[in-house]
Amino acid sequence: MALFRRFGLFALTNIAVIFTIGLILRLTGLDVYLAKSGVPYATTLLFAAIWGMGGAFISLLLSKFMVKASMGVQVIDPRNASGWQRDLLTRVQRLASAAGLPMPEVGYYESPEINAFATGPSRSSALVAVSTGLLNGMDSEELDGVLGHELSHVANGDMVTMTLVQGVINSFVIFFSWIVSKVIVSQLSRNDERGSSGGFFMEFMIRQLLMVVFGLLGSIVVAYVSRAREYRADAGGAKLAGRSSMIAALERLKVAFTRDPIDQRGETIAALKISNRAGGLASLFATHPPLEERIAALRAKAY
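Everything in this summary refers to the structure shown in the same document.

**So, the overall build of the protein**
Piece 1. A tally of regular secondary structure across the protein gives eleven helices and four strands.
Piece 2. Taking all 303 residues of the protein together, 46% fall into the buried category.
Piece 3. Long-range pairs, those at least 24 residues apart, make up 71% of the contacts in the protein with a sequence separation of at least 6.

Structure, rendered in structure tokens:
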């Protein structure tokens, strides 16, 4: 049932994308211009929406498998767990119950980096994983804060939300890259008296360049939404584990980031982790706000 709801959500988002882009074209008069230029914008729009949202949806469905493979996550079997593994499962179970969530898969991965992440296609099919660096470098209170934060991502449906946002951005990037490249080549052909504007190859190269440019601009939007969701997950973690635990976890991360190594394998899943590192212009593309700002927000919030 949840899968059908998810398909319905993506279908509705696709319709919204098509409607929004169509409205932009109509209000700007670009639809008339494109029609006169012979650019098949209607079929391109449909293709962009299906391809952009479809790719994001497939990524969501494969998220647990891809993360397990890339990070070497070892899922803990509750039937054979003992010692620290049993303690970790007990903590997750307690916090998941407090959040009204079914028990997610719980795993760990070998890494000196102090970090954790949550992923999965739905609230009922989630994975929470922690690094060995986190298990060795955080005390009980800090660990509860991290787990509360990650389970809040699951409870808030952040994996689905970010997939929808990425799908919308993908659709816009694909559509406008195709349309603008066709318009440019069309204009070049008209202005070229010899008719040697480069044809398909030139259009392909322009499209690839535009996809990079539009993709970078779109990633700023995705990163902005991600940062907003991080503040919300921090607040959720504070409610589940206690504000002092959440602040203690972020304070520990702040110290770790000044001296501990970065796990290069995690670059592709940086948005999933409890925090990452970025400064200067790169902060526009950061999926997480600065730790200092997150800590200040928690201290200023009343619970």
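**Topic: the nonpolar core**
Nonpolar side chains in soluble globular proteins tend to end up buried together.
Piece 1. Judged by nonpolar contacts, the single largest core of 40 residues is most densely connected at L134, L147 and L253.
Piece 2. Considering every element that reaches this core, the biggest residue donor is helix α10 (residues 243-256), with six residues.
Piece 3. Core analysis: the next-biggest nonpolar cluster, separate from the first, contains eight residues, L25, L45, A48 and I174 among them.

**Observations concerning helix α7 (residues 140-155)**
Every α-helix carries 3.6 residues per turn, so stepping three or four residues along brings you back to the same face.
Piece 1. Helix length check: α7 (16 residues) gives 22 Å between terminal C-alpha atoms against 22 Å at 1.5 Å per residue, within 8%.
Piece 2. For α7, the tally of buried residues reaches 13 of 16 residues, placing the bulk of the element in the interior.
Piece 3. Its side-chain oxygen 3.2 Å from the backbone nitrogen of E141, D139 forms the N-cap of α7.
Piece 4. Positive phi shows up at G157, right after α7, with a value of about 70°.

**Regarding the pattern of salt bridges**
Oppositely charged side chains can pair when the atoms bearing their charge come close.
Piece 1. Enumeration according to the criterion identifies twelve salt bridges in this entry.
Piece 2. The partner of R91 in a salt bridge is D87, with the nearest N and O atoms 2.9 Å apart. Separated by four residues within a single helix, R91 and D87 lie in helix α5 (residues 83-98), roughly one turn from each other.
Piece 3. Overall, D87 belongs to the partly exposed group, its relative accessible area being 35%.

**Notes on the side chain of S131**
Piece 1. Within the secondary structure, S131 is located in strand β4 (residues 125-131).
Piece 2. We classify S131 as buried; its relative accessible area is 0%.

**Thoughts on the pairing of strand β2 (residues 105-109)**
Piece 1. Counted residue by residue, β2 has four buried out of five residues, so it is predominantly covered.
Piece 2. As paired elements, strand β1 (residues 74-75) and β2 share two bridges and run antiparallel to each other. Directly across from V75, in β2, lies its bridge partner G107.
Piece 3. Sheet topology note: the β2/β4 ladder contains five bridges and is parallel. Residue pairing in the sheet places V106 in a bridge with V128 of β4.

**With respect to the packing of aromatic side chains**
Piece 1. By the definition in use, this model includes six aromatic pairs.
Piece 2. Between Y109 and F117 the ring centres are 5.6 Å apart and the planes differ by 35°, which places this aromatic pair in the tilted class.
Piece 3. On the accessibility criterion, Y109 (0% relative accessible area) is buried.
Piece 4. Its relative accessible area of 0% is what places F117 among the buried residues.
Piece 5. Here the aromatic cluster, defined as three or more aromatic residues joined through ring pairs, consists of F47, W51 and W178.
Piece 6. R207 extends its terminal NZ or CZ atom over the ring of W178, reaching a point 3.8 Å from the ring centre.

**Considering the sheet that holds strand β3 (residues 116-122)**
Piece 1. Spatially, the four strands line up as an open sheet ordered β1-β2-β4-β3, and their pairing is mixed. Lying at the two open borders of the sheet, with one neighbouring strand each, are β1 and β3.
Piece 2. Judged from the five bridges that link them, β3 and β4 form a sheet pairing that is antiparallel. Paired with A118 across the bridge in β4 is V128.

**Things to note about helix α4 (residues 63-71)**
Piece 1. When α4 is considered as a whole, its buried residues turn out to be S63, K64, V67 and M71. Here the buried residues of α4 occupy an arc of 95° about the axis, which is enough to place them on one side. Structural note: α4 exposes F65 and A69 on the side pointing more than 90 degrees away from its buried face.
Piece 2. Tucked into the core, α4 has its buried residues touching α3 (41-61), β2, β3 and β4.

Cut-off values and rules
Residues numbered from 1 in each chain as written. Predicted model: local features only at pLDDT ≥ 70, side-chain atom pairs only at ≥ 80, totals over all residues. Heavy atoms only, no water. Helix = DSSP H or I, 4+ residues; strand = E, 2+ residues; numbered from the N terminus. Buried < 20%, exposed > 50% of the residue type's maximum accessible area, 1.4 Å probe, protein only. Contact = heavy atoms within 4.5 Å. Core = buried A, V, L, I, M, F, W, Y, C linked by side-chain atoms within 4.5 Å. Expected span 1.5 Å × (residues − 1). Polar contact = N/O pair within 3.5 Å; in protein donor to acceptor, adjacent residues only side chain to side chain. Salt bridge = Lys/Arg side-chain N within 4 Å of Asp/Glu carboxyl O. Pairing = 2+ DSSP bridges. Phe/Tyr/Trp six-rings, centres within 6.5 Å; stacked < 30°, edge-to-face > 60°. Lys NZ or Arg CZ within 6 Å of the ring centre and 35° of its normal. Arc of directions from axis to C-beta.

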